[in-house]
Amino acid sequence: MNEGYAHPEYLVETDWVAVHLNMPDVRLVESDEDALLYETGHILGAVKVDWFTTLQDPLRRDFISKAEFEKLCSQLGIANRTTIIFYGDKNNWFACYAFWLFTYYGHPRLRIMNGGRQKWTQEGRQMIRDIPIYAATEYHAKNPNRKIRAFREDVFRQLTRRLPLIDVRSPGEYSGELLHMPNYPQEGAMRGGHIVGAINIPWSQAINPENGTFKSASELRQLYQSQVIQPDNKIIAYCRIGERSSHTWFVLKYLLGYPDVRNYDGSWTEWGNLVGAPIEKETNK
Amino acid sequence: MNDIAGLPSRLAEIVEDFQLCEGSEKLELLLQYSESLPPLPDYLKGKEAQMEKVPECMTPVSVSAELQKGGMVFHFAVPEESPTVRGYAAIIAEGLRNATPEQVLSLPSDFYLTMGLQQVLTNQRLIGMAAVVAHVKRLALETMNS
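Residues numbered from 1 in each chain as written. Chains lettered and ligands numbered in written order. Predicted model: local features only at pLDDT ≥ 70, side-chain atom pairs only at ≥ 80, totals over all residues.

### A few points about the overall build of chain A
Test applied: Strands here are runs of E lasting at least two residues and helices are runs of H or I lasting at least four, both read from the DSSP assignment and numbered beginning at the N terminus. The size measure is the radius of gyration over C-alpha atoms, and the globule rule it meets is 2.2 Å times the number of residues to the 0.38 power. Residues with at least 20 neighbouring C-beta atoms inside 10 Å of their own are called buried, those with 12 or fewer are called exposed, and the rest are partly exposed, where every C-beta is derived from the backbone.
Looking only at helices and strands, chain A has 9 helices and 11 strands in total. Its C-alpha atoms give chain A a radius of gyration of 18 Å, within 12% of the compact-globule value 19 Å for 285 residues. For the C-alpha atoms alone, the extent of chain A along its principal axes is close to 50 × 40 × 35 Å. A buried classification covers 45% of the 285 residues belonging to chain A.

### Here we look at the overall build of chain B
Applied cut-off: Contact between two residues is assigned whenever their backbone-derived C-beta positions fall within 7 Å.
From N to C terminus, chain B includes 5 helices and 3 strands. When its helices and strands are written in sequence order, chain B yields α-α-β-β-β-α-α-α. Summarising its shape, the C-alpha atoms of chain B cover approximately 40 × 35 × 25 Å along the three principal directions. With 146 residues in all, chain B has 36% of them scored as buried. Across chain B, the fraction of contacts at a sequence separation of at least 24, relative to all contacts at a separation of at least 6, is 69%.

### Quick word on the domain arrangement of chain A
Residues and elements named next belong to chain A. Defined as follows: All the domain ranges listed were derived from an automatic or database domain assignment. Here the nonpolar group is Ala, Val, Leu, Ile, Met, Phe, Trp, Tyr, Cys and Pro; Asp, Glu, Lys and Arg are the charged ones; every other residue, Gly included, is treated as polar.
Assigned domains within chain A: domain 1 (8-144) and domain 2 (147-280). Here domain 1 and domain 2 have C-alpha centroids that lie 23 Å from each other. With 19 residues of domain 1 at the contact, the number on the domain 2 side is 16 residues. Broken down by secondary-structure element, the contributors of at least two residues to the side of domain 1 that touches domain 2 are α3 (93-104) and α4 (116-122). By residue number, the principal contributor to the side of domain 1 that touches domain 2 is α3, which donates 8 residues. Residue classes in the side of domain 1 that touches domain 2 are distributed as 10 nonpolar, 8 polar and 1 charged.

### Side note on the sheet that holds strand β10 (residues 260-264) of chain A
All names here are of chain A. Convention followed: Paired strands are those between which DSSP finds at least two bridges. For helices, the fitted axis covers only the stretch in contact; all axes are lines through C-alpha atoms, and the angles between them, taken along N-to-C directions, range from 0 to 180 degrees.
As summarised here, the arrangement of the 4 strands in space is β8-β6-β9-β10, forming an open sheet in which the pairing is parallel. One side of each edge strand has no neighbouring strand; the edge strands of this open sheet are β8 (199-200) and β10. One ladder, built from 3 bridges, connects strand β6 (residues 165-167) with strand β9 (residues 234-238); its direction is parallel. Following the sheet pairing, Asp167 is matched in β9 by Tyr238. Relative to β10, helix α8 (residues 244-255) is tilted by about 175°, and along the sheet it contacts β6, β9 and β10.

### Section: the packing of helix α1 (residues 9-20) of chain B against helix α3 (residues 83-95) of chain B
All names here are of chain B. The following threshold applies: When describing relative orientation, an angle under 35 degrees is termed roughly parallel and one over 145 degrees roughly antiparallel, while 65 to 115 degrees is termed roughly perpendicular and anything else oblique.
α3 packs onto α1 with a crossing angle of 140° between their chain directions and a minimal axis gap of 7 Å. Between α1 and α3, the interaxial angle falls into the category oblique. Contacts between α1 and α3 involve Arg10, Leu11 and Ile14 from the first element and Ile91, Glu94 and Gly95 from the second. For the contact of α1 with α3, the per-class residue count stands at 3 nonpolar, 1 polar and 2 charged.

### With respect to the sheet that holds strand β4 (residues 83-87) of chain A
All names here are of chain A. Across the sheet, 5 strands lie side by side as β1-β5-β4-β2-β3; this open sheet has parallel pairing. The open sheet is flanked by β1 (11-12) and β3 (47-50), the only strands paired with a single partner. The sheet contact formed by strand β2 (residues 26-32) and β4 spans 5 bridges and is parallel. In the sheet register, Val29 faces β4, and the bridge partner there is Phe86.

### Things to note about the environment of A:Ala18
With respect to the secondary-structure elements, A:Ala18 resides in helix α1 (residues 14-20). Considering only alpha carbons, one finds A:Ala18 and A:Asn114, 96 residues apart in sequence, at a separation of 13 Å.

### Observations regarding the confidence of the model for chain B
All names here are of chain B. Formally: The predictor attaches a confidence to each residue, called pLDDT, with possible values from 0 through 100.
Here chain B averages 88 in pLDDT, and 95% of its residues register 70 or above. Averaged over each element, pLDDT in chain B is lowest for helix α5 (residues 123-145) (85) and highest for strand β3 (residues 71-77) (96). As a predicted assembly, this complex carries a pTM of 0.90 together with an ipTM value of 0.82.

### A short note on the environment of B:Met72
Residues and elements named next belong to chain B. Mapped onto the elements, Met72 comes out in strand β3. C-alpha separation for the pair Met72 and Leu139, spaced 67 residues apart in sequence, amounts to 9.5 Å. What Met72 contacts, discounting residues up to four positions off in sequence, is Ala65, Leu67, Leu96, Ala99, Pro101, Val104, Ala140 and Thr143.

### Focus on the nonpolar core
Just so we agree on the cut-off: Residues of type Ala, Val, Leu, Ile, Met, Phe, Trp, Tyr and Cys that are buried and joined through C-beta atoms within 7 Å form what is called a nonpolar core.
With 69 residues, the main nonpolar core has A:Val29, A:Ile85, A:Phe86, A:Ala98, A:Phe99, A:Leu101 and A:Ala237 as its most contacted residues. Among the elements that line this core, the one with the most residues is α3(A), at 11 residues. Two domains each put at least three residues into this core: domain 1 (8-144) and domain 2 (147-280) of chain A. When sequence neighbours within four positions are dropped, the list of residues in contact with A:Phe86 reads A:Val29, A:Ser31, A:Ala95, A:Ala98, A:Phe99, A:Ile112 and A:Met113. Formed by 42 residues, the second largest nonpolar core is a distinct cluster that contains A:Leu36, B:Leu7, B:Ala90 and B:Ile92.

### With respect to the packing of α3(A) against α8(A)
Residue and element names in this part refer to chain A. α8 packs onto α3 with a crossing angle of 70° between their chain directions and a minimal axis gap of 8 Å. One finds that α3 runs roughly perpendicular with respect to α8. Of the residues in α8, those in contact with Trp93, Cys96, Tyr97, Phe99 and Trp100 of α3 are Arg244, Ser246, His247, Trp249 and Phe250. Tallied by class, residues from the contact of α3 with α8 come to 7 nonpolar, 2 polar and 1 charged.

Below is the structure:
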C-alpha cells in the first residue's frame, strides 16, 4: 500500500496501531479540527493536543516556545525516545500540523496514522472515553528547525529567485473571490488573491476521500510534477494560517521525498494584510 | 459582557452556567450539550435535504422549525463527528425552546460571546454559532409571515 513513497516509515497503518498501541515507547496523539471530538471517544491510550489551546502561544501570534513545548511533552508523558503517532479528523489535517510543530522542535520519531480517525472508525475499531494519565517525563527539545518554516522574508527571497510557491487553499480563495476559506468567515485578510506567481494545488487533492488515506506515490507525483513542481526545487507551501499547508509539506517532504520544503505559517492571513506585498488575483497559472 | 437581560429564560440560564465555568470546564459543558442534542423527529428523518442549510459551517448543519402552542421548536441535524457544532445546536435548540418568534428575532446575534467560549474555541469556530443564530432567526421570520 505504501509502495513507492520516499519515506514510508513516517506512515503507519491502522492495523499496525491496533497491535502496537500498548507499547510503552509508543504514544498516540490525537489532533483534531473539532475541539471536542477527542472527548467523545479516541483510540486507547491516546492523548490530545488542540491546535488552538495547546499549540498556540496565548499572547503573540506564534507557536508555543521551546520551554512550553518541553512542558507539554512532559505532561503528555512523551520522552525523547518515544515514537509519536499522530492521527485526527478531517484527513489528518491537524495531525499533520502537530507533526510539523513536533518536527520544528526536533522530536526524532514521528509518524502519521494513514487515514486518521475516519479510517479507524470506518473499520469499526475500538474507541474509548477514558483519558489516560502518564507519568511526567523530563523532555529536552531541540532548537527550532528553521529549515522547515518560512517567514515572510523567506517568501520575498523566494519571489526574487523565482522559486515555486504552492498555494494549497481552495480555488476560490486563491483567485481572490473569497477572502476566507469557504465556511470559515472572518478568518481572513484585508486583500483577496494569492502571492504573486504561486500555483494552486489544493491540499485535499492528496487524499483518497473514501477513507482519508494518502494517494499513491505515482498519483501524488503526477499531481505535483504536472504543476511544474520539481523535486530539487526549494519549495514554500502556504494556506491561510499554515495548517492546511503543513499537510502538503508532509506529503512533499516524506511521501515524495522533496529535500527542501518549507511551510509559511504566516500564510495568507499575514501576506494578505502586509502593506505593499505583491498579490495576484487571476486564476490562470 | 455579562448582559443576559432580554434573553429567553432557559437560554439565560445556559449562558449563566457557562459563565460560571472556567477554561476546560466550558468545553466539558459544551460536550454535555452536544450529547443532549435530540435526534430529528420522525417527520424530518431522511428529509435533511429539505431543511434550512447553514452553509457558513464547514460541517453540514441543517435546521428546521415548527410552532407548538405559540412557541418555536427547532430541530437540528449535525454529524456525530462534529461535537462542537452539535454543542452549539443543542444550546440553541434547548435555549430557544418555546420562545416566541419575536423573542427569537430580538436575540442579539453575539449573545454567545457572553458565555466566554472564545477562551477555549477560536473566534472563527464561534462564528459558526452566529451563523446558526442567523438561520434560526430567518426561520422565526418565516414562521411569523406564514
